[in-house]
Amino acid sequence: MASTTTMKCPSPMKATSNGVFQGDSPLDYALPLVIVQICLVLVLTRVLAYLLHPLRQPRVISEIIGGILLGPSALGRNQKYLDAIFPPRSLTVLDTLANFGLLFFLFLVGVELDPRSLRRTGKKALSIALAGISLPFALGIGTSFVLRGTVAKGVSQGPFLIFIGIALSITAFPILARILAELKLLTTDVGQMAMSAAAVNDVAAWILLALAISLSGTSHSPLISLWVLLCGAGFVLLCIVIGPPIFNWMARRCAEGEPVDELYICATLGAVLAVGFVTDTIGIHALFGAFVLGVLVPKEGPFSGALVEKVEDLVSGLFLPLYFVSSGLKTNIATIQGAQSWGLLVLVIFTSCFGKIVGTISVSLLCKMPVQEAVMLGFLMNTKGLVELIVLNIGKDRGVLNDQTFAIIVLMALFTTFITTPIVVSVYKPAKLAITKYKHRTIERKDVSKQLRILTCFHSTRSIPTMINLIEASRGTANKGLRVYAMHLMELSERSSAILMVHNARKNRLSFWEKREVSDSNQIVVTFETFEHLSKVSIRPTTAISRMNSMYEDIIAGAERKRVAMIILPFHKHQRIDGHLETTRADLRHVNCRVLQHAPCSVGILVDRGLGGVSHVSASNVDFKVTILFFGGHDDREALAYGTRMAEHPGINLLVVRFLVDPEVAGGSVTLDMDQTSSPEAQSKDEELLTDLKHKISNNSSIKYEEKLVKDASGTTELIRAYNRCNLFLVGRMSEGQVVAALDENSDCPELGPLGNLLTCPEFSTTASVLVVQQYQIELSQDSINSLKDGELTKEDDSDSD
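How each quantity is defined
- Residues numbered from 1 in each chain as written.
- Predicted model: local features only at pLDDT ≥ 70, side-chain atom pairs only at ≥ 80, totals over all residues.
- Heavy atoms only, no water.
- Helix = DSSP H or I, 4+ residues; strand = E, 2+ residues; numbered from the N terminus.
- Buried < 20%, exposed > 50% of the residue type's maximum accessible area, 1.4 Å probe, protein only.
- Areas by Shrake-Rupley, 256 points an atom, 1.4 Å probe, with all protein chains shown as cover.
- Disulfide = S-S within 2.5 Å.
- Pairing = 2+ DSSP bridges.
- Axes fitted to C-alpha atoms, helices over the stretch in contact; angles between N-to-C directions.
- Contact = heavy atoms within 4.5 Å.
- Phe/Tyr/Trp six-rings, centres within 6.5 Å; stacked < 30°, edge-to-face > 60°.
- Lys NZ or Arg CZ within 6 Å of the ring centre and 35° of its normal.
- pLDDT = per-residue confidence, 0-100.
- Salt bridge = Lys/Arg side-chain N within 4 Å of Asp/Glu carboxyl O.

*Asks:* Please explain the overall build of the protein chain as it appears in this structure.
*Replies:* In terms of helices and strands, the protein chain carries 29 helices and twelve strands. Here the protein chain, with 802 residues, has 55% of them falling under the buried criterion. Surface accessibility of the protein chain: about 34,900 Å² in total, with carbon and sulfur atoms responsible for 58%.

*Asks:* Can you help me understand the state of the cysteines in this one?
*Replies:* What makes a disulfide is a covalent bond joining the sulfur atoms belonging to two cysteines. For the structure shown, the criterion picks out zero disulfides. The structure places no disulfide on cysteine 457, whose sulfur is separated from the nearest cysteine sulfur, that of cysteine 601, by 9.7 Å. Residue cysteine 457 is classed as buried on the basis of its relative accessible area of 3%.

*Asks:* How do you make sense of the sheet that holds strand E7 (residues 602-607) when you look at a structure like this?
*Replies:* Within a sheet, each strand pairs with its neighbour through backbone hydrogen bonds, oriented either parallel or antiparallel. Across the sheet, which stays open at both edges, the ten strands sit in the order E3-E2-E1-E4-E7-E12-E11-E8-E9-E10 with mixed pairing between neighbours. The strands lining the two open edges of the sheet, one partner per strand, are strand E3 (538-546) and strand E10 (703-710). Within the sheet, the average angular offset between the axes of one strand and its neighbour, ignoring direction, is 20°. By the bridge criterion, five bridges tie E7 to strand E12 (residues 769-774) in an arrangement that is antiparallel. Across the sheet, residue valine 607 finds its bridge partner in E12, namely valine 770. The strands touched by helix H18 (residues 464-474) are strand E1 (452-458), strand E2 (482-491), E3, strand E4 (566-570), E7, strand E8 (624-630), strand E9 (652-661) and strand E11 (728-732); relative to E1, the strand with the most contacts, the crossing angle is about 170°. Sitting on the sheet, helix H21 (residues 551-561) touches E1, E2, E3 and E4, and the angle it makes with E2 is about 160°.

*Asks:* Please explain the environment of phenylalanine 247 as it appears in this structure.
*Replies:* Along the polypeptide, phenylalanine 247 turns up in helix H10 (residues 222-252). The exposure class assigned to phenylalanine 247 is buried, which follows from its relative accessible area of 5%. Separated by 17 residues in the primary sequence, phenylalanine 247 and tyrosine 264 place their C-alpha atoms 9.0 Å from one another. Discounting chain neighbours no more than four positions away, the residues touching phenylalanine 247 are Thr268, Leu293, Leu296, Val297, Pro298 and Phe303.

*Asks:* Can you walk me through the packing of aromatic side chains in this structure?
*Replies:* The way to describe two aromatic rings as a pair is by their centre distance and the angle between their planes. Here the structure, examined in full by the defined rule, presents eight aromatic pairs. Between phenylalanine 100 and phenylalanine 319, the aromatic rings sit 6.1 Å apart at their centres with planes inclined by 80°, giving edge-to-face as the arrangement. Taken together, the residues phenylalanine 100 in helix H4 (residues 91-112) and phenylalanine 319 in helix H13 (residues 302-330) connect sequence positions 219 residues apart. Ring geometry for phenylalanine 631 and phenylalanine 659: centres 4.6 Å apart, planes at 5°, overall stacked. Of the two residues, phenylalanine 631 is situated in the loop between E8 and helix H23 (634-646) and phenylalanine 659 in strand E9; the sequence distance between them amounts to 28 residues. Looking at phenylalanine 631, the relative accessible area reads 9%, which means it is buried. Phenylalanine 659 sits in the buried class, given a relative accessible area of 2%. Looking at lysine 396, its charged tip hangs above the ring of phenylalanine 406, at a distance of 5.9 Å from the centre.

*Asks:* Looking at this model, I keep getting lost on the confidence of the model for the protein chain. Mind explaining?
*Replies:* Do not read the fine detail of predicted coordinates wherever pLDDT is low. Overall, the prediction assigns the protein chain a mean pLDDT of 80, with 84% of residues at 70 or greater. The least confident element of the protein chain is helix H19 (residues 499-513), whose mean pLDDT is 46; the most confident is helix H11 (residues 262-282), at 93. Low pLDDT, under 50, characterises residues 667-677; the stretch is placed with 19 contacts to residues that sit more than four places away or in other chains.

*Asks:* Sorry if this is basic, but what is going on with unusual backbone geometry here?
*Replies:* Glycine aside, residues mostly have negative phi, and peptide bonds are mostly found in the trans state. Even without glycine at this site, lysine 368 takes up a positive phi of about 65°. Among the secondary structure elements, lysine 368 is positioned in the loop between helix H14 (338-366) and helix H15 (371-381). A positive phi angle is found at arginine 563, which is not glycine, with a value near 55°. The residue arginine 563 is located in the loop between H21 and E4 in this model.

*Asks:* So what exactly am I meant to see when it comes to the pairing of E3 here?
*Replies:* Most of E3 sits inside the fold, with nine of its nine residues counted as buried. Neither face of E3 is open: one carries Ser538, Arg540, Thr542, Ala544 and Ser546, the other Ile539, Pro541, Thr543 and Ile545, and all of them are buried. Two elements, E2 and E3, share nine bridges in a ladder whose sense is parallel. Paired with histidine 488 across the bridge in E3 is threonine 543.

*Asks:* What is the right way to look at the pattern of salt bridges in this model?
*Replies:* Two side chains of opposite charge can pair, provided their charged atoms sit close to one another. Inspection of every chain in the model, using the stated rule, returns eight salt bridges. Note that arginine 721 and glutamate 718 form a salt bridge whose closest N and O atoms lie 3.7 Å from each other. Of this pair, arginine 721 and glutamate 718 both sit in helix H26 (residues 713-721), separated by three residues, roughly a single helical turn. Take arginine 721: its relative accessible area is 28%, and that puts it in the partly exposed class. What you see here is one network of salt bridges that share partners, running through Arg658, Glu687 and Glu707.

Here it is as structure tokens:
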């Protein structure tokens, strides 16, 4: 008897509700439901990212795990939760939003990939990339026969073989870039090799994916698949012909330092949607068109950076996690049951790791790479991530992968990416903060005719004019020479795009170690190159990209490698319009304290109050008054040595003020702490340096020397206030002697020392910038170390101060 039962399709969800007061439940309507879903996803993935942060895992791991937890593998086992938060009729909206975000994310991935780097890929990187693809792909095809004979019976053989082969052979280019940056390997030889090989791997994977998609259509006619492939190839050729001229025209019309015209941004984003529609119509996938268009965007100039800035945060922070949830809702680990299924999971993991790692290591050793680097490269190339999930989701949507196969390969991708960072860290153990022996670690030296090398650091373009004016004042005479390494400190954030990170690291590796032959369009680099041409200073710009808590390592390593005599750091506060100093970022204080503790040379902290104004002052127009407050000790001697070099510049007038204890007080006053005295050796060096200064005064009228007698701390402070009409104060961080001891009572910023605190406090009225100098010592004094620890302990409170 035929059944008369009819299936009733659920009614489509309306967009918005009338509100709870009208009797509507917000979870029954599309917009409020998707808002709840997004908020839940963001909270869970961010919490997981925080928990996994100590393991230095990329954020994609927390997003994959979050998606699995929200799906039927964990929370989804509760049917009431699944029906309320992720009901079946809402999944279309969720998938649409996820794929919409993924469309633009893949466009950003294409923007990251520089086709010229592929053309420049050497034979070694190409061989490693091909080995890293071919062996795991071949093993993947072999594994697919085992899967097809057990848990994937009845699936179409051709597409299934290719999808499994791609899933096992792919390397996640964006995830690998982030891991390399986290481990500070981007500019190393192994990092460069990994990025070049991963770029080749990425392109090969997309070609194979297009082939797999064309073969996985619903039609059984091979002629249809051929038409899909031919149309896809024609689409790519058409984009290559039409896209670059248009993008280059847009890029030429975007001036450096000026905002990019909104029309160009909108036109490009509209083009992303258009090509997505075209490739979806062809039958490949909308993502393929977005990726191709991204590859064609010019990488130089502000245009690509503006595209990333406009799109990235919304897409990677909001929409992309939805894709992982969408994948998690399709992943049911409960389908992996029994010894056979778990054995297949182990087989897939082993096959993927063995093929990728062994293939890469074998070819790397044949290319005569060191064993340690070859092993590192093998594990780095085994990184999986988002692109693999894309492959798996397309395969599942097209019916090529069933639930059990999908869950097995998702777990394989999660495992292989999770183990990458811990294994690479265990294999690659550089001697952090190892100090290479070199002679000139300070500005104070016997042979002052040798070239002076300085590493200046900056976080934003705001401090560049003061820095350049300070460099101009430091150049001394032409026969001595000054070489400056200008390091742009960029924080490695959680943003998923690696365009700035990868390209800046590669470019600046060249600019740091070798003389540039081609001018960079980067605004900062152009500024320094212009200054170098106009002055007699050799200046090399570079970029350090790191997390704030480890940025000091990059600064120290750069200073050591370039054998500089001084590191100049920006103060963690900047000047407001009213003249007061406010905190830029409290984390910068942590960086400064760590550099002061571990630096292989002298260190200066520059409190910027606009030395010379907001623009570079030409050499002929320099007219600065520099004041040195000299109390005694090695830090003060370093400040004096630096100031003496500055005085050689024809536009610098130097005033050295020495503070001495009044003889009337020295006999028995209790106002000054008489225990705080300098050692005889230090006093002898002070007198020797001051004697040399007095000899120079007879030959240089721009240097003046004064001695002031003081009785107490308040008198010292009042005398210092009298010298506030200058352009720059040069002071030692830990001055020594009886006079300065009484000043070290209230220190808001212990890393500046007593004089630095006095000159930067709100009560001290001056427009002068301050350079606080610490001379290199093999071992810092205990007082100096304690003050730096105090500075780190109070860095959180600093954000509340003016």
